[in-house]
Amino acid sequence: RGQAALTRGDFASANKWLRDAEWILTVEARDVGAELQQLQIFRLWTHIWTGDLAAIAHERTRLAPDSALAGRRSIAAALAVEGGVLLALARDDVAAARAVVDQALASEAQRRTLTVSGFNAWAARIQVMLYAGDDAYAAVHTMWGRLRSEGYLGVQIVRIEAYLLRGRAALAAGDVSGARDIA
């Protein structure tokens, strides 16, 4: 139910369902590390998409030590990149946001295929570029072929995020017809 609410954009309900599910997986289940990690990432997204900076900061504090110790790279990357960029931009610290993105992209540079962490780093880069007034439109177009060829646009939540960023970048570039075509 939490993931369905998240997909519908009902972030308050998603957060409640995901919090309840996290308790069940933590207290009553065994050998569900991957499921727990994905659930925690979804919860973090509910806070990011609602702009709840206090909740993002809390989740980073609560989950980061556990993520590093358990070797859960996906949650650690989401906390660092998505949460770190949003918190830096909320402080109007573009340099800190760029540093977070640069570090994430550097760790992805050796990979031949795009990973979820790589997509998240790319999306964070676009967010920073839009905030800073840089040419995000060109960066989106550069990445779009890779998203399509590697099948990422076939994943609903990735497709939604990618099209949202593409539309925002088109509007920022003044390409109203391009943004209209995306819609």
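These numbers come from a predicted model, not from an experiment.

Draft legend 1. Highlighting the nonpolar core. One finds Phe119, Trp122, Ile126 and Leu147 to be the most contacted residues of the largest nonpolar core, which totals 21 residues. Secondary structure elements with two or more residues in this core: helix H7 (116-132), helix H8 (136-149) and helix H9 (156-172). With 7 residues, the single largest contributor to this core is H8. Among all residues touching leucine 147, those that are not within four sequence positions of it are Leu114, Phe119, Trp122, Tyr152, Leu153 and Ala162.

Draft legend 2. Summary view of the layout of surface pockets. Space inside the largest pocket adds up to approximately 610 Å³. Trp45, Trp49, Glu82, Asn120 and Glu161 are the residues nearest the centre of the largest pocket, which is lined by 26 residues in total. Breaking the lining of the largest pocket down by element, the ones donating at least two residues are helix H3 (33-50), helix H5 (73-90), H7 and H9. At 8 residues, H7 tops the list of elements feeding residues into the lining of the largest pocket.

Definitions and cut-offs
Residues numbered from 1 in each chain as written. Predicted model: local features only at pLDDT ≥ 70, side-chain atom pairs only at ≥ 80, totals over all residues. Heavy atoms only, no water. Core = buried A, V, L, I, M, F, W, Y, C linked by side-chain atoms within 4.5 Å. Buried < 20%, exposed > 50% of the residue type's maximum accessible area, 1.4 Å probe, protein only. Helix = DSSP H or I, 4+ residues; strand = E, 2+ residues; numbered from the N terminus. Contact = heavy atoms within 4.5 Å. 1 Å grid on protein atoms, 1.4 Å probe; cavity = no way out; pocket = protein on both sides within 12 Å on 5 of 7 lines; lining within 4 Å. Points joined across faces, edges and corners; volume = space filled by probe spheres on them.

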